[in-house]
Amino acid sequence: GNSVTQMEGPVTLSEEAFLTINCTYTATGYPSLFWYVQYPGEGLQLLLKATKADDKGSNKGFEATYRKETTSFHLEKGSVQVSDSAVYFCALRRNSGNTPLVFGKGTRLSVIA
Amino acid sequence: ETGVTQTPRHLVMGMTNKKSLKCEQHLGHNAMYWYKQSAKKPLELMFVYNFKEQTENNSVPSRFSPECPNSSHLFLHLHTLQPEDSALYLCASSTLGAQSDEGSSYNEQFFGPGTRLTVL
């Protein structure tokens with residue numbers, strides 16, 4: 001079946017540190033891949049996405065590259081800010097059929113000044 | 001403003017109570033979803049509605065009863081819940097993509113802020 005595995009949190013970083021949150025997936029065929037972010041007290045928001053192998057999604061300084069050979073979609077940011085503190089969810093969706101998003105467990109990021 | 005609103009934002013109920021959660025989307029979408037978010041567990045999809053028709057029910061106990069009267073509104077009726085049902089309940093909506101032999105594909109989902117439910 002389809003599944004997503006994320007690194008366990010919480011992750012605590014100092015401001016301006018480099019961020020990596022690992023995500024690997026298992027899926028039939030070639031899914032679309034997503035990162036969602038959930039700020040405190042809010043619902044999930046789409047952060048970035050990639051729909052085919054070698055695509056790079058980017059937004060707000062975050063990047064993730066769709067790696068078919070390693071079935072990975074790791075999230076990176078070169079310099080985090082306190083305002084990036086949130087829970088980050090990796091997700092996949094099959095590109096056909098009626099299966100909605102499959103989410104990972106989420107990784108909590110805390111950035112301290 | 002995500003375009004998806006949920007009420008109430010917080011709810012505390014006893015195990016014998018009956019309550020309802022409401023979700024409304026102002027985005028012109030035709031698919032709506034209920035998710036359950038519990039601590040240290042993946043986001044769990046509960047129900048999916050396409051054009052007001054339920055297309056998925058992921059083995060959700062009957063004490064949760066969804067209702068979708070139109071494509072803009074989605075309810076989750078709750079009765080005789082258990083303490084382990086305490087969680088954040090998230091609503092989402094999306095457009096439907098292309099049809100294939102396997103069914104419709106789902107586009108980007110927009111989430112509401114959730115209802116924090118506590119069952120005593």
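Per chain, residues are indexed from 1 in the order of the written sequence. Going through the entries in the order they are written, you letter the chains from A and number the ligands from 1. Predicted model: local features are reported for residues with pLDDT of at least 70 only, side-chain atom pairs are reported and counted for 80 or more only, and whole-chain, interface and lining totals are derived from all residues. Where side-chain values are given, they derive from all heavy atoms of the structure, hydrogens and water being excluded.

## Some remarks on the state of the cysteines
- To count as a disulfide, a pair of cysteine sulfur atoms needs to be within 2.5 Å. In the structure shown here, the tally under the stated rule is two disulfides over all chains.
- Across the disulfide, A:Cys23 is cross-linked to A:Cys90 (sulfur-sulfur distance 1.9 Å). What sets the handedness of the A:Cys23 and A:Cys90 disulfide is the S-S torsion sign, and at about -70° it is left-handed. Of this pair, A:Cys23 sits in strand S4 (residues 23–26) while A:Cys90 sits in strand S10 (residues 86–93), and the two are 67 residues apart along the sequence.
- Here's how the labels work: a residue is buried when its accessible area is under 20% of the maximum for its type, exposed when over 50%, partly exposed in between, all with a 1.4 Å probe on protein chains only. Exposure remark for A:Cys90: the relative accessible area of 1% places this residue in the buried category.
- The residue that forms a disulfide with B:Cys23 is B:Cys91, at a sulfur-sulfur distance of 1.9 Å. On the sign convention where negative means left-handed, the S-S torsion of about -75° between B:Cys23 and B:Cys91 marks this disulfide as left-handed. A residue pair is termed long-range when its members are at least 10 positions apart, and B:Cys23 in strand S3 (residues 18–25) and B:Cys91 in strand S9 (residues 87–94) qualify at 68 residues.
- By relative accessible area, B:Cys23 is classed as buried at 0%. Secondary structure elements are defined from DSSP: runs of H or I of at least 4 residues count as helices, runs of E of at least 2 residues count as strands, and each element is numbered from the N terminus.

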